[in-house]
Amino acid sequence: MDRKILFVGIGSFLLIGIVAAWTILFAKPASFRGTTYAEPYPPAPEFMLTRGDGVSFQLSELRGRIVLVFFGYTSCPDVCPTTLAELNQALGQLGEDANKVQVVFVTVDPGRDTPERVQEYVNHFNPDFIGLSGTEGVLTKVWSDYGIFRETVEGTSALGYLVNHTARFTLIDADGNLRISFSFETPVDDIVHDLKLILKEGK
């Protein structure tokens, strides 16, 4: 009787071991919820713009950190404030790891958005966000490099003209590569999910 119990016990342990090994070897890796870039990952185009304090900023300064780049403008009535608020919520769910992620907001409206104005705007959402502007000539290349569409539309509201623009934002990994693109109104939980996967890669 004792021998039978022993064999049953050994068999159970072996079965558990086989199941565990099968799970490790054949389980699908966790997948990103945003739109991913194909390997080999393209390097994020470098750019140099101006911060709110007048100091020049280069994207490569943030190498070693995850960067979320979003293009918008301070007079935006809907897409920009919604996206910035959601990015702030996402960082709030990362705990201490939020220090490894930097949000960068680049204007598509240099006619109104001075560097100071852009930084004041992003400060309303999170004072650690970086707001950037520059001349239209410099920004035009940045928009092109990142595939940003923008057009000015004359409006009748108190806001004056509006700027239609690409509403996606991009995740650049710690090695400076383009990794994930997120569409407007991507659920905050999906953004957090993908950030955690990217953060795990660096551990």
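You'll find the structure just up there.
Residues numbered from 1 in each chain as written. Predicted model: local features only at pLDDT ≥ 70, side-chain atom pairs only at ≥ 80, totals over all residues. Heavy atoms only, no water.

## Examining the side chain of D173
- Secondary-structure assignment places D173 in the loop between β9 (169-172) and β10 (178-182).
- The exposure class assigned to D173 is buried, which follows from its relative accessible area of 6%.
- Here the side chain of D173 touches R179 through a polar contact of 3.1 Å, side chain to side chain.
- With near-sequence residues (within four places) excluded, D173 lies in contact with R65, R179 and I198. (Helix = DSSP H or I, 4+ residues; strand = E, 2+ residues; numbered from the N terminus. Buried < 20%, exposed > 50% of the residue type's maximum accessible area, 1.4 Å probe, protein only. Polar contact = N/O pair within 3.5 Å; in protein donor to acceptor, adjacent residues only side chain to side chain. Contact = heavy atoms within 4.5 Å.)

## Here's the deal with the packing of helix α2 (residues 79-92) against helix α5 (residues 188-201)
- In contact at an axis separation of 9 Å, α2 and α5 are set at 50° when each is read in the N-to-C sense. Between α2 and α5, the angle is such that the two are oblique. In the packing of α2 onto α5, the handedness of the crossing is right-handed. Residues E86, Q89 and A90 of α2 form the contact with α5, whose participating residues are V188, I191 and V192. (Axes fitted to C-alpha atoms, helices over the stretch in contact; angles between N-to-C directions. Parallel < 35°, antiparallel > 145°, perpendicular 65-115°, else oblique. Left-handed = near helix turned anticlockwise from the far one by under 90°.)

## With respect to α2
- In a regular helix each residue adds 1.5 Å, so 14 residues correspond to 20 Å; α2 covers 20 Å between its end C-alpha atoms and thus fits that length.
- Among all positions in α2, only V79, C80, T83, L84, E86, L87, A90 and L91 are buried. Each buried residue of α2 sits inside an arc of 160° when the element is viewed along its axis, so together they form one side. (Expected span 1.5 Å × (residues − 1). Arc of directions from axis to C-beta.)

## Section: α5
- When the terminal C-alpha atoms of α5 are compared, their 20 Å separation across 14 residues agrees well with the 20 Å that a helix rising 1.5 Å per residue should span.
- Buried positions along α5 lie against β4 (66-72), α2, β5 (101-107), β9 and β10.

## A word on the environment of V106
- Tracing the sequence through the fold places V106 in strand β5.
- Here the alpha-carbon distance between V106 and Y73, two residues 33 residues apart in the chain, equals 7.7 Å.
- In this structure, V106 is in contact with F47, L49, V69, F70, F71, G72, L132 and L139, ignoring residues within four places of it in sequence.

## Digging into the packing of aromatic side chains
- Enumeration according to the criterion identifies seven aromatic pairs in this entry.
- Between the aromatic rings of F47 and F57, the centroid separation amounts to 6.3 Å while the plane-to-plane angle is 40°, which identifies the pairing as tilted. Linking F47 in the loop between β1 (35-36) and β2 (48-50) with F57 in strand β3 (residues 56-58), this pair joins segments that are 10 residues apart in sequence. The burial state of F47 is the same as that of F57; both residues are buried. (Phe/Tyr/Trp six-rings, centres within 6.5 Å; stacked < 30°, edge-to-face > 60°.)

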